[in-house]
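Residues per chain, in single letters:
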Amino acid sequence: MGLQKSREWGNSMEKEKTLTRRKFLVRAAQGATSVAALPLIGMRRADTQEKPAEENNAVAGKKPITRVLGRTGIEIPIVNMGVMNADNPALVRRAFESGMRLFDTAAHYQRGRNEEMVGSVLRELKARDQAVIVTKVFLPPPQREIPAGQVKAFFLKTAEESLRRLKTDHVDVLFSHNVWTVDYLKNPGVLEALQQLKKQGKTRFVGFSTHMAMAECLDAAAGMGFYDVALASFNYSFHDYVPLHQALAKAAAAGMGLMAMKTQCQQDWYREEMPPELQAFYGGQVMHPALLKWALRHDFIACAVPGFVTFQQMEVDWACAFGIEYTPEERKFLEDRGVKLAMAAVCRRCGACASTCPRGADVPELVRAHMYAFSYGNPGHARQTLDVIPAGRGLDLCRDCDNCRAGCAGRVQVARRIGQLKEAYA
Ligand code: SF4
Ligand code: SF4
């Protein structure tokens, strides 16, 4: 696939001083049905008024590093756009014009508006044939036990709706979204639907995304030969988690194309977990490229899809596509003992907290909803996450519980996070 030359960039560093990566504003996402006043902690916004920064001299005239997405044969830059939290079409446009080619969205992101935005921008740019569209079908967990025929029908219907919103007759990769059990990975309804859509040319390739029990799912998928691509959380908090590294390497060796998400450790993690003096010392211009490069330096990862929401964030992330050697500051950041300790406080989605609530709340999903609200600044997606937790296992249980005893196998402050969720949503 031909890659458009990067546009020239200019005085971005000056502007970075005024447009900070983290902004303490709450975005009242449309579709958030009952978001109370969210605490102004660690929230960031997709500033729809923000204008593109000037051109970036650092990458002017250079070509991004590209890799091949496994057996799909699709060649893409190593950094692309995770569109989920973005609601500014100009940002999508700029991402494409800069040279990013893969756009990762999903049917349920912003209740379909995310796909509509991607479709509209690519249509305006007349760039559908130069772009790689990845989208996803999410079957809420309570419905995953329905008969396979109904699962298949749900997938077929949702995929058709996605095509309509994306204004295209096919996507490049269609994912089964948020897979955390091998049973669901192998659900006959999912497999039949994906196979049918592929045969019909409505998707060129099929895949799955996974946030929890990733090693097991990747390991199983490597042996199935069915899924062409997988999207997994992969960041520095997993630096010592050998089973995940092995599973990713095995999946890549089996020909799967691997995409990395949550590469910057769930965005604003450091506000809560990292000592203020380290935050001040390293700042976003060191920690973000360091974290993104760490993921990209694993060659089993074909590309990353960071979820930037501002032009400044995009520039920082995109610059990593042109070189993944660490600067001395980035290396120092990654080797800092305080940073490594803070990494133990990033949720790895291991699921070990599932049985720690004496009332039976779905603690891993509550922690995930917290991440969307307080780290991603996406209260609408947090609301959607809460809404699919079955009644009697969600925040409704927590309302009259004044002493949270749920806990983490690592150092995530689960009780504090659930307390913040209660303030915002209960
Ligand atoms: S909060 Fe802790 S125990 Fe729960 S999923 Fe995250 S890392 Fe695992
Ligand atoms: S607040 Fe109470 S009900 Fe909610 S997760 Fe914590 S212990 Fe369970």
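See above for the structure.
The sections below set out a description of the structure shown in this document. These figures come from a predicted structure and were not determined experimentally.

**Some details on the overall build of the protein**
When you go through the protein residue by residue, the secondary structure sums to 17 helices and 11 strands. Counting only residues that meet the buried cut, the protein has 59% of its 426 residues in that class. Intrachain contacts of the protein at a sequence separation of at least 6 include 79% that bridge at least 24 residues. Entry remark: accessible area of the protein is about 16400 Å², with carbon and sulfur atoms responsible for 52%.

**Here's the deal with the site of ligand 2**
Every residue close to ligand 2 is listed here: C357, P358, R359, A361, L397, C398, C401, C404, R405 and I418. Here the residues of the shell around ligand 2 sort into eight nonpolar, no polar and two charged.

**Remarks on the packing of aromatic side chains**
Enumeration over the complete set of coordinates arrives at eight aromatic pairs. Taken together, a centroid distance of 5.6 Å and an interplanar angle of 70° make the contact between Y236 and W294 edge-to-face. With Y236 in the loop between β9 (229–233) and α8 (242–253) and W294 in helix α10 (residues 276–296), this pair connects stretches of sequence that are 58 residues apart. Here the two residues Y236 and W294 agree in accessibility, since each one is buried. Chaining the aromatic ring pairs together yields one cluster made of F234, Y236, W294 and F300. A cation over a ring is seen here: R101 above F96, with NZ or CZ 3.9 Å from the ring centre. One cation-aromatic arrangement involves R144 over Y184; the distance from NZ or CZ to the ring centre is 3.9 Å.

**What to know about the layout of surface pockets**
Empty space within the largest pocket amounts to approximately 520 Å³. Along the wall of the largest pocket there are 32 residues; nearest its centre are H108, Y109, H177, H381 and Q384. Among the secondary structure elements, those contributing two or more residues to the lining of the largest pocket are α4 (148–166), α14 (363–375) and α15 (379–387). In terms of residue class, the lining of the largest pocket is built from 13 nonpolar, 12 polar and seven charged.

**What about empty space enclosed by the protein?**
Taken as a whole, this structure holds three cavities of 30 Å³ or more when the rule is applied. Approximately 40 Å³ is the volume found for the second largest cavity. As for the second largest cavity, its lining consists of T135, A159, S162, L163, V171, L174, K202 and T203. Secondary-structure elements contributing two or more residues to the lining of the second largest cavity are α4 and β7 (171–176). In terms of residue count, the dominant contributor to the lining of the second largest cavity is α4 (three residues). Looking at the lining of the second largest cavity, its residues break down into four nonpolar, three polar and one charged.

**Considering helix α2 (residues 89–98)**
Most of α2 is tucked away: seven of the 10 residues are buried. Two or three places before A90, at the opening of α2, N88 has a side-chain oxygen 2.9 Å from that residue's backbone nitrogen. One or two residues past the end of α2 sits G99, with phi positive at roughly 135°.

**What about the pattern of salt bridges?**
One pass over the structure, following the stated rule, counts 19 salt bridges. Put simply, R93 and E124 hold a salt bridge, and the shortest N to O gap is 3.6 Å. Of this pair, R93 sits in helix α2 while E124 sits in helix α3 (residues 113–124); the two residues are 31 residues apart in sequence, bridging distant segments of the chain. As a salt-bridge pair, R348 and D240 come within 2.4 Å of each other at their nearest N and O atoms. You can see R348 sitting in the loop between α13 (337–343) and α14 and its partner D240 sitting in the loop between β9 and α8, a full 108 residues away along the chain. According to the relative accessible area criterion, D240 is partly exposed, its value standing at 48%. Taken together, the shared-partner salt bridges in this structure form one network comprising R71, K198 and D228.

**Digging into the packing of α2 against helix α11 (residues 311–319)**
Running from N to C, α2 and α11 cross one another at 25°; their axes reach a closest spacing of 11 Å. In terms of their interaxial angle, α2 and α11 are classed as roughly parallel. Crossing angle aside, the handedness with which α2 passes α11 is right-handed. Facing α2, whose interface residues are A90, L91, R94, A95 and S98, α11 presents F311, M314 and W318. Among the residues making up the contact of α2 with α11, the classes are represented as six nonpolar, one polar and one charged.

Reading the values: rules and limits
- Residues numbered from 1 in each chain as written.
- Chains lettered and ligands numbered in written order.
- Predicted model: local features only at pLDDT ≥ 70, side-chain atom pairs only at ≥ 80, totals over all residues.
- Heavy atoms only, no water.
- Helix = DSSP H or I, 4+ residues; strand = E, 2+ residues; numbered from the N terminus.
- Buried < 20%, exposed > 50% of the residue type's maximum accessible area, 1.4 Å probe, protein only.
- Contact = heavy atoms within 4.5 Å.
- Areas by Shrake-Rupley, 256 points an atom, 1.4 Å probe, with all protein chains shown as cover.
- Near = heavy atom within 4 Å.
- Nonpolar A, V, L, I, M, F, W, Y, C, P; charged D, E, K, R; others polar.
- Phe/Tyr/Trp six-rings, centres within 6.5 Å; stacked < 30°, edge-to-face > 60°.
- Lys NZ or Arg CZ within 6 Å of the ring centre and 35° of its normal.
- 1 Å grid on protein atoms, 1.4 Å probe; cavity = no way out; pocket = protein on both sides within 12 Å on 5 of 7 lines; lining within 4 Å.
- Points joined across faces, edges and corners; volume = space filled by probe spheres on them.
- Polar contact = N/O pair within 3.5 Å; in protein donor to acceptor, adjacent residues only side chain to side chain.
- Salt bridge = Lys/Arg side-chain N within 4 Å of Asp/Glu carboxyl O.
- Axes fitted to C-alpha atoms, helices over the stretch in contact; angles between N-to-C directions.
- Parallel < 35°, antiparallel > 145°, perpendicular 65-115°, else oblique.
- Left-handed = near helix turned anticlockwise from the far one by under 90°.

Scope: geometric values only; no functional claims are made or implied.
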